[in-house]
Amino acid sequence: MRQILLSSYLGGVIEWYDFLLYGTAAALVFDKLFFPQMSSFAGTLASFATLAVGYLARPIGGLVFGHYGDRVGRKPVLMVSIVLMGLSSMLIGLLPGYADIGIAAPLLLVLLRLVQGFAVGGEWGGAALMAIEHAGPARRGLWGAFAQMGAPSGLLLSSLALAAFNTLPEAEFLSWGWRIPFLLSAVLIVLGYWIRRGMAESPVFARAQKSADTARRPAPVLETLRRQRRITLLAIGVGIGPFATNSILIAFLPAHAKDLGISRTVVLTGLISSCGVSLLTLPAYAALSDRIGRRPVSIAGALLLAANSFLLFPLVDSRSPALFVIAFVLSLSVFHAAMYGPMAALLAELFPTGTRYTGTSLGYQTAAVLGGSLAPLIATWLVHTGEGGRNTTGVAVFMAVTCAVSAWSVYRAGETRHHALDTAAEDGEQLS
């Protein structure tokens, strides 16, 4: 069981190390390296646009990997996804800049970002399900949180890697310093692949395969869209708030802080501090959801984060390094974690075994597109609509609205912690 949990956790670490390293680099480096011919504002938008491209590939990856994960098994799909994720990140680290190869540089960056997003689309669903489907009914929230804990761990590693090279002179950091963290993905790939080779297939999936005639069943995606449309829509709504607010915090806020004159060191300190605290709060909230239910924990986190959005930007706009770190930790590690911690178990418990990989991946990754990919672009546009380019109230309202969408979706989905994973329930039967 330790091997299963380590595999689930490490998959999340690699996924978010690669993906969030890109988000941080997009905010701090890519505008200068790949879009130097643009203004600062246009270059930031272009960098975030490449971030969005990766998100757009995630649902496609979720459908492709989900199909094979529901038909062939969770384990073989996870071994492919981890290699694709790592290789695409390594190649980004080797990519020449605009000054070296011209327009080919941003075009290749977009292509590699698409591959990265495609691989990530299939990773989370399998990593989370392997832990949840091995867990007993009383521990699904906690064990599912191991996949969720990969997010702060991956961000922590990427932030530490960037911080280690942040002391370099600006020219050296832009030339080669930012590349090393991307190339270090090779270590994580080898470790993750080695661990997954020896792990057992999901027992819930194995039992379902024995009792079902998979040859006669429709493709999992068709079955999901035809028989579980309502569940899928609610799963998307559940993820909108966590993804939109997370993307604003880790991608938009560092760029906004840079415009305010807050140093890169302070930004990285905020990221690192919040990651450390999240490693404690995510499993705590998930374990609490095993005791009192997914719904009360998730809804409370969504409503508190919505209210906190209006406190976040005044603290950041004060330009105080201490207040920036406090605001970051409070938003990401205390309130956001309450939504994100129980989410893996909540989504898995909505879908039957035969379509669970497809359904959870489709819901999770579509929410990533609608929430995570567009949020930095929307926030950047909103903040520049005000006088002097400082309309942070609009960004706070946007964050609050996405949290409200998630709270409503969790409420409508009903309580899921008592659902039996072996029960191939249909749409109407699976919701409370």
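Whatever comes next refers back to the structure up there.
Residues numbered from 1 in each chain as written. Predicted model: local features only at pLDDT ≥ 70, side-chain atom pairs only at ≥ 80, totals over all residues. Heavy atoms only, no water.

Undergrad: Outline helix H15 (residues 264-292), listing residues and values.
TA: Relative to the 42 Å expected for 29 residues at 1.5 Å per residue, H15 spans 40 Å between its end C-alpha atoms, a close match to the ideal helical length. Where H15 bends most, at Ser278, the angle is about 35 degrees. Just beyond H15, the residue with positive phi is Gly293, at close to 115 degrees. (Helix = DSSP H or I, 4+ residues; strand = E, 2+ residues; numbered from the N terminus. Expected span 1.5 Å × (residues − 1). Bend = angle between axes of the 7 residues up to and from the residue.)

Undergrad: Could you give me a rundown of helix H11 (residues 185-197), with the residues and numbers involved?
TA: For H11, built from 13 residues, the straight-helix expectation of 18 Å at 1.5 Å per residue is met to within 8% by its first-to-last C-alpha distance of 18 Å. Taken residue by residue, H11 has Ser185, Leu188, Ile189, Gly192, Ile195 and Arg196 as its buried positions. Buried residues of H11 fall within an arc of 140 degrees about the axis and therefore sit on the same side. When the buried face of H11 is taken as reference, the exposed residues oriented beyond 90 degrees from it are Val187, Val190, Trp194 and Arg197. (Buried < 20%, exposed > 50% of the residue type's maximum accessible area, 1.4 Å probe, protein only. Arc of directions from axis to C-beta.)

Undergrad: Outline the packing of helix H14 (residues 229-260) against helix H18 (residues 343-350), listing residues and values.
TA: Here H14 crosses H18 at 170 degrees, and the two axes come no closer than 10 Å. When the axis of H14 is compared with that of H18, the two are roughly antiparallel. Contact residues: H14 offers Ile231, Ala235, Val238, Gly239 and Pro242, while H18 offers Met343, Leu346, Leu347 and Leu350. Among the residues forming the contact of H14 with H18, the class breakdown is 8 nonpolar, 1 polar and no charged. (Axes fitted to C-alpha atoms, helices over the stretch in contact; angles between N-to-C directions. Parallel < 35°, antiparallel > 145°, perpendicular 65-115°, else oblique. Contact = heavy atoms within 4.5 Å. Nonpolar A, V, L, I, M, F, W, Y, C, P; charged D, E, K, R; others polar.)

Undergrad: Can you lay out the side chain of Gln365 for me, pointing to particular residues and giving the numbers?
TA: By the element assignment, Gln365 lies in helix H19 (residues 356-373). Judged by its relative accessible area of 0%, Gln365 falls in the buried class. Here Arg58 takes part through its side chain, which lies 2.6 Å from a polar atom of the side chain of Gln365. In terms of polar contacts, Gln365 uses its side chain to reach the backbone carbonyl oxygen of Val120, at 3.4 Å. Sequence-distant contacts of Gln365, defined by excluding residues within four places in its chain, comprise Arg58, Pro59, Val120, Gly121 and Trp124. (Polar contact = N/O pair within 3.5 Å; in protein donor to acceptor, adjacent residues only side chain to side chain.)

Undergrad: Account for a nonpolar patch on the surface, with residues named and values stated.
TA: A cluster of nonpolar side chains, namely Ile101, Leu108, Leu111, Leu114 and Val115, defines an oily patch on the protein surface of about 360 Å² accessible area. At 4 residues, the largest contribution of residues to the nonpolar patch is made by helix H6 (residues 104-132). Considering the arrangement of structural elements, one finds Ile101 in helix H5 (residues 98-101). (Patch = residues over 30% accessible without salt bridge, like charges linked within 9 Å, V, L, I, M, F, W, Y side chains within 5 Å. Areas by Shrake-Rupley, 256 points an atom, 1.4 Å probe, with all protein chains shown as cover. Salt bridge = Lys/Arg side-chain N within 4 Å of Asp/Glu carboxyl O.)

Undergrad: Lay out unusual backbone geometry with the relevant residues and their values.
TA: Phi angles above zero are rare outside glycine, and Arg319 is one such case at about 65 degrees. Taking the relative accessible area as the measure of exposure, Arg319 reaches 47% and is therefore partly exposed.

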